[in-house]
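# Structural overview for review
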Number of protein chains: 2
Amino acid sequence: MAGQDRVKLAIAGLGTVGAGTIALIEAQGDLLADRAGRGVAVTAVSARDRSRDRGVDLSPFAWWDDPVAMAREADCDVVVELIGGSDGVAKAVCEAAIGAGRHVVTANKALIAHHGAALARAAEAGGVSLGFEAAVAGGIPIIKAIREGLAGNRIERVHGILNGTCNYILTEMRETGRPFAEVLEEAQKLGYAEADPSFDVDGVDAAHKLAILASLAFGTEVDFTSVHIEGIRRIAPLDIDFADELGFKIKLLGIAEKTAEGISQRVHPTMVPVDAPIAAVEGVTNAVETVGDFVGATVLQGAGAGAGPTASAVIADVLDVAAGRRAPVFGVPADRLSAPAPLPMARHEGAYYVRLRVIDRPGVIADVTAVLRDHKVSMESIIQRGRDPEEPVDVVMTTHDTSEAAMQHVLAGIDGLDAVVEPPTVIRIDRS
Amino acid sequence: MAGQDRVKLAIAGLGTVGAGTIALIEAQGDLLADRAGRGVAVTAVSARDRSRDRGVDLSPFAWWDDPVAMAREADCDVVVELIGGSDGVAKAVCEAAIGAGRHVVTANKALIAHHGAALARAAEAGGVSLGFEAAVAGGIPIIKAIREGLAGNRIERVHGILNGTCNYILTEMRETGRPFAEVLEEAQKLGYAEADPSFDVDGVDAAHKLAILASLAFGTEVDFTSVHIEGIRRIAPLDIDFADELGFKIKLLGIAEKTAEGISQRVHPTMVPVDAPIAAVEGVTNAVETVGDFVGATVLQGAGAGAGPTASAVIADVLDVAAGRRAPVFGVPADRLSAPAPLPMARHEGAYYVRLRVIDRPGVIADVTAVLRDHKVSMESIIQRGRDPEEPVDVVMTTHDTSEAAMQHVLAGIDGLDAVVEPPTVIRIDRS
């Protein structure tokens, strides 16, 4: 079935995902032709360094030094953008491709999180596809699931483990009792974390993905700037011990909810009940739970990163183009996406875990609880670990449901107490 | 957006799923039009009893007493077949619709399991779609995931919890210690099991779904008759206790594997490690794990039955038709599906759990172990529960990996021993 009518790809960016995509097309040629009704062929490639050995033979493909020129001029139907970054070359490549009437497939979560709505409008106006299955949760077909498989539902909530690096670190910390910095260093050696880990461990990567999922789920323009973002750097082994004691696991969750007051989007360390399905998702695995009004809760889990899984998602988008399957980029036409209507984090309601380091002297607990009382925050439990008049000790408390605004006043008040020696560590509790 | 260009549905069968589908279309009219680019409208309906109150207003729709005539003649683009049954009226409705150039959407797993390849050939020859997302795992978009989302992979294995009734019964048995018959009766009262439960509890329903998944996953013609099927009637509370002791949970799994020697398809009670993701799937929830060569393992879980989830899946197929999205019915064109190449169950390899009721007299265990030795089956453990020279006692053993053929000889040999008072209960162990 492969032949003159093959769909032709120009690939911009030849890192592990680019090389993986070429390897997949080589390995599965006949299968792809059977499934799409036509063959898939790479015709052009572009990367910074032509000489680097990537483990795949690039000689059959036209080489372009300039990926933007390739996107505009190469002999291709689809431009596959695997450069990364929210702006700069990656954005220019996608815009050039759409402008030249080529379909775009990208794994670039930052680009879609920042410019998704504008790119979708341009693609739909130009009659081309813009696929980004690979941008969220690696090989898990969550974009297609929300956009098509669950399209009969109003989605009320989508949440998940969207960053494998953080989930690996939290899993290792729990299983070995080691501190964050040590586990991060090991993750870097194993290739699970970047040399500069901040995008992952500070929650930005998860926030990019969450903003994309929220747009698809709720039919609103991607609104990355409204995502409340906290990372996992401040999680200590002690927090994990306390979580165990309280019947929780700590996960970095991205949570988007549609409420009558607006859309809440937040990424933060979260205590989830140890028997919740999401608590069983360990290591670098990702998982996304979607709640729809007719279907109820659906969970998809799998490999969130890596050359093979990401190439699998890239090719799923390519096969949709090859087979002529079209859907609105964000599930509804881009010109019908609602304007963002963010619910400010201050209006979030929920329960909290707070850990303090305090000088162990009479009256400290009374002072702390007085702050809660003053802001009408109801305490569920308070535990002091150890007694030592010389050294600071750890005190943790959990609250009943309260508002984030009240909680921020409480935290400021506690931080102002003489006996409290470092800023409180806060982890939100989510039982839903 | 709804208007003259709406996609028109004729619905055959107005049970809970039919009524749920009508309710969904009424509730989500604008949303569906936004997502599909055109409205969705029911134009005709057919069922056995016109007068029954189904909680939805049927007066706007043309009523047909004869669903086959409706499929052939009604003013519609899509015939939605929700009658059920592998042959008879349901099959006639689908054939009439395809013959008249109408798309077909069905929730009928028995029909697709028995006649899927022939119907797919007819639909593809006629240029119409045949959607059956609702036939497998209710609202979980597993058909689309395998057919499109994971289409870049060679699938090696697909397995899962495909029958919510059985999973509910096994979950309840474990949590309450009650026997099968009592929990089944309760499930019938709650509406989780049919008055005649045999399709569910004997594994036939799961086998229908497994055969469909295997066809999609491996690109072979649906081959229901090759599925090895065992149900859950013989599972006793004692088996569940022993499973707990041994670190397992008992689940009714459907497992399809592609091997060099052929395709293995089997449905049977299975001991899975208590920390395997699938072990955490409880109650009426379904879950399907797919292993692909590039993507690795992906798990989808959610509601496997019920009016809302099933209607959600029906509508996903309808929206594909409305939006003009087409894929080969079984992932590759029906005339390119491979002929079935079943691996006989006798050649299955794995570990086994066996429970015996024996007269507690000297030499019994020696006789049992001699049978294993004679057939070269290696025992892993043997446990006798209780001692009572008057009454039969329970003995359980587990084996190392062995062949099904050898194991069947062992079971026949054991069953022939004087001291063994009832046929052995066998549960396969699956650690993968």
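Given the structure is predicted, the values throughout are model-derived calculations rather than measurements. Each chain has its residues counted from 1, following the order in which its sequence is written. The naming scheme follows written order: chains are lettered A onward, ligands numbered 1 onward. In keeping with the model being predicted, local features are shown solely for residues with a pLDDT of at least 70 and side-chain atom pairs are shown and tallied solely at 80 or more, while totals for entire chains, interfaces and linings include all residues. To get the side-chain values, take all heavy atoms of the structure and skip hydrogens and water.

### Observations concerning helix 12 (residues 307-323) of chain B
Residue and element names in this part refer to chain B.
- Between its terminal C-alpha atoms helix 12 stretches 24 Å, which fits the 24 Å expected from 17 residues at 1.5 Å a residue.
- Exposed residues in this analysis have more than 50% of their type's maximum accessible area, buried residues have under 20%, and partly exposed residues fall in between, with area computed by a 1.4 Å probe over protein chains only. Note on conventions: DSSP H or I runs of at least 4 residues are helices, E runs of at least 2 residues are strands, and numbering of each starts at the N terminus. The buried fraction of helix 12 is high, at 15 of 17 residues.
- Immediately beyond the C-terminal end of helix 12, within one or two residues, lies Gly324, with a positive phi of roughly 75°. Multiplying one less than the number of residues by 1.5 Å gives the expected span of a helix.

### A word on the sheet that holds strand 6 (residues 130-131) of chain A
Residues and elements named next belong to chain A.
- Here a strand pair is declared whenever DSSP counts at least two bridges between the two strands. Across the sheet, six strands lie side by side as 3-2-1-4-5-6; this open sheet has parallel pairing. The outermost strands of the open sheet, each flanked by one partner alone, are strand 3 (62-64) and strand 6.
- Note that strand 1 (residues 7-12) and strand 2 (residues 40-46) share six bridges and pair parallel. Residue pairing for strand 2: Ala10 is matched across the bridge by Ala44.
- Working rule for contacts: check all heavy atoms of both residues, and any pair within 4.5 Å makes them a contact. Axis geometry follows a simple rule: fit a line to the C-alpha atoms, using only the stretch in contact for helices, then measure angles between N-to-C directions, giving values from 0 to 180 degrees. Running at roughly 155° to strand 2, helix 1 (residues 16-27) makes contact with strand 1 and strand 2 of the sheet.

### Quick look at unusual backbone geometry
Residue and element names in this part refer to chain A.
- Residues other than glycine seldom take positive phi values, yet Lys376 does so here, at roughly 60°.
- Following the sequence through the fold, Lys376 ends up in the loop between helix 13 (364-374) and strand 14 (379-385).
- Take Lys376: its relative accessible area is 76%, and that puts it in the exposed class.

### Points about the layout of surface pockets
All names here are of chain B.
- Points on a 1 Å grid, built from protein atoms alone, make a cavity when a 1.4 Å probe fits but cannot get out and make a pocket when they are open with protein on both sides within 12 Å along at least 5 of 7 lines; residues with an atom within 4 Å of a point are the lining residues. Grid points are joined across faces, edges and corners, and a volume is the space filled by probe spheres set on the points. Approximately 1200 Å³ is the volume attributed to the second largest pocket.
- Residue lining of the second largest pocket: 40 residues in total, with Val17, Lys109, Glu194, Asp205 and Ala305 positioned closest to the centre.
- Counting only elements with at least two residues in the lining of the second largest pocket, the list comes to helix 1 (16-27), helix 5 (109-126), helix 7 (164-176), helix 9 (198-201), helix 10 (204-218) and helix 12.
- Both domains that furnish three or more residues to the lining of the second largest pocket are identified here as domain 1 (7-135) and domain 2 (145-303). Marked domain ranges trace back to an automatic or database domain assignment.

### Observations concerning the environment of B:Arg387
Residue and element names in this part refer to chain B.
- Considering the arrangement of structural elements, one finds Arg387 in the loop between strand 14 (379-385) and strand 15 (392-399).
- Taking relative accessible area as the criterion, Arg387 reaches 70% and is therefore assigned exposed.
- In this structure, the C-alpha to C-alpha distance between Arg387 and Ile359, residues 28 residues apart in sequence, is 9.7 Å.
- Setting aside chain neighbours within four positions, we find Arg387 in contact with Asp360 and Val393.

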